[in-house]
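Chain by chain, the residues run as shown.
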Amino acid sequence: MKSYMKKIAAVVAVAGVALSTAACSNSGTKATVASYKGGKITQEQYYDEMKKSQAGKSTLANMIINRALEQQYGKYVSQKKVDKQYNNYKKQYGSQFSAVLQQNGMTASSFKQNIKTNLLSEQALKHIKKVTKKQEQQAWKSYQPKVTVQHILVAKKSTAQSIIKQLKDGKSFKVLAKKYSLDTATKNKAGKLPSFDSTDTTLDSSFKTAAFKLKTGEVTSTPVKSQSGYHVIKMISHPAKGKFADHKKAIDDQIYASMAQDQATMKDVIATVLKKADVSIKDSDLKDVLSSYISTGATK
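Residues numbered from 1 in each chain as written. Predicted model: local features only at pLDDT ≥ 70, side-chain atom pairs only at ≥ 80, totals over all residues. Heavy atoms only, no water.

Turning next to the overall build of the protein chain. Looking only at helices and strands, one finds twelve helices and five strands in the protein chain. Here the protein chain, with 300 residues, has 41% of them falling under the buried criterion. For the protein chain, contacts bridging at least 24 residues in sequence account for 68% of all contacts bridging at least 6. Just so you have it, the protein chain exposes about 17600 Å², and 50% of that area is on carbon and sulfur atoms. (Helix = DSSP H or I, 4+ residues; strand = E, 2+ residues; numbered from the N terminus. Buried < 20%, exposed > 50% of the residue type's maximum accessible area, 1.4 Å probe, protein only. Contact = heavy atoms within 4.5 Å. Areas by Shrake-Rupley, 256 points an atom, 1.4 Å probe, with all protein chains shown as cover.)

Here it is as structure tokens:
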């Protein structure tokens, strides 16, 4: 969850705000926000303080960016897409989901807003920045097609070495996975993982590197260390690389994913979105809220 939220922050530096300032109320700026013995705080007073603070300015910038993205690219991001991604994370974290949200200072609603902002930003990126042939050629050099593997995850290197020896002696991978593996999601499935290619971002890079070196039927000769522990990997299916045209979409998606992690690229994308939105800042005290993206002179 944390890594996902960092991704959102990288895509849009001020993503995920679902707040509004009190000045938007129809009840007038003298309406009371809070009262106490001997006095009160009006919406006007609250607004004056908010616009002086960095938090208040960031809130306004977030609102403008989110609404500009929604206006320009909302038709490409349905609520169904947002809910699907949200439910994937909810399923992934299970009973810990609510606690993880709370630890990150988020509610289900604000997390969904972050997801939507991220999806909108991805659409903006794909419409504004086009993948070049040079980028595709570079990515193709290191591209690996989807492979299918089995693995056994253990805590100690010595245990992994023992498993490799037992496999060489003819023991069943399925039996050993069920007996030793710490990966509860795969141990009862002979250690089989969903197919993945080099664009995958969920697996440890050392795991992928070791897997891609194996031919169909081969097992790693030494334990593969990752952040989770030590792995023994068996290649079930390692197809030939094939033609570029067969993998173009996956490669382009990989390039866009890399671009989305580049703050300078995404700042340029958001700047383009804001210029197209023709934003007009009416309050002179807030004229610089978008200065991180576009020059002050670009807002009216």
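Let's shift gears to the pattern of salt bridges. Scanning the entire structure with this criterion turns up eleven salt bridges. Note that Asp283 is salt-bridged to Lys51, the shortest N-O span being 3.0 Å. Taken together, the positions of Asp283 in the segment after helix H12 (263-277) and Lys51 in helix H2 (residues 43-52) put the pair 232 residues apart, joining distant regions of the chain. The exposure class of Asp283 is buried, given its relative accessible area of 18%. Sharing partners across several salt bridges, the network here consists of Lys51, Asp283 and Asp285. (Salt bridge = Lys/Arg side-chain N within 4 Å of Asp/Glu carboxyl O.)

Let's shift gears to the packing of aromatic side chains. The full count for this structure, using the stated rule, is nine aromatic pairs. Among the aromatic residues, ring-to-ring pairing joins Tyr86, Tyr89, Phe97 and Phe111 into one connected group. One residue, Lys112, lies across the ring of Tyr86, its end atom 4.7 Å from the ring centre. Across the ring face of Trp140, the terminal group of Lys241 is positioned such that the distance to the ring centre comes to 4.4 Å. (Phe/Tyr/Trp six-rings, centres within 6.5 Å; stacked < 30°, edge-to-face > 60°. Lys NZ or Arg CZ within 6 Å of the ring centre and 35° of its normal.)

The next thing to look at is the nonpolar core. Core analysis: the biggest nonpolar cluster contains 41 residues, and Ile64, Leu69, Phe111, Leu125, Leu274, Leu290 and Tyr293 have the highest contact counts within it. Of all the secondary structure elements, the ones that give two or more residues to this core are helix H3 (54-73), helix H4 (79-93), helix H5 (97-103), helix H6 (108-128), helix H7 (133-142), helix H11 (244-260) and H12. For Ile64, the residues in contact, after removing those within four places along its chain, are Leu274, Val279, Ile281, Val289 and Leu290. Ranked by size, the runner-up nonpolar core spans twelve residues in total, among them Val147, Leu193, Val224 and Met235. (Core = buried A, V, L, I, M, F, W, Y, C linked by side-chain atoms within 4.5 Å.)

In space, the three strands of this open sheet follow the order S3-S5-S4, with antiparallel pairing throughout. The open sheet terminates on both sides in strands that have one partner only, identified here as strand S3 (148-154) and strand S4 (224-226). Neighbour-to-neighbour, the strand axes of the sheet open up by a mean angle of 40°, direction not taken into account. Pairing between S3 and strand S5 (residues 229-237): seven bridges, direction antiparallel. Following the sheet pairing, Leu153 is matched in S5 by His231. Contacting S3 and S5, helix H8 (residues 157-168) crosses the sheet at an angle of about 30° to S5. Where helix H9 (residues 173-180) meets the sheet, it contacts S3 and S5, and its direction lies at approximately 35° from that of S3. (Pairing = 2+ DSSP bridges. Axes fitted to C-alpha atoms, helices over the stretch in contact; angles between N-to-C directions.)

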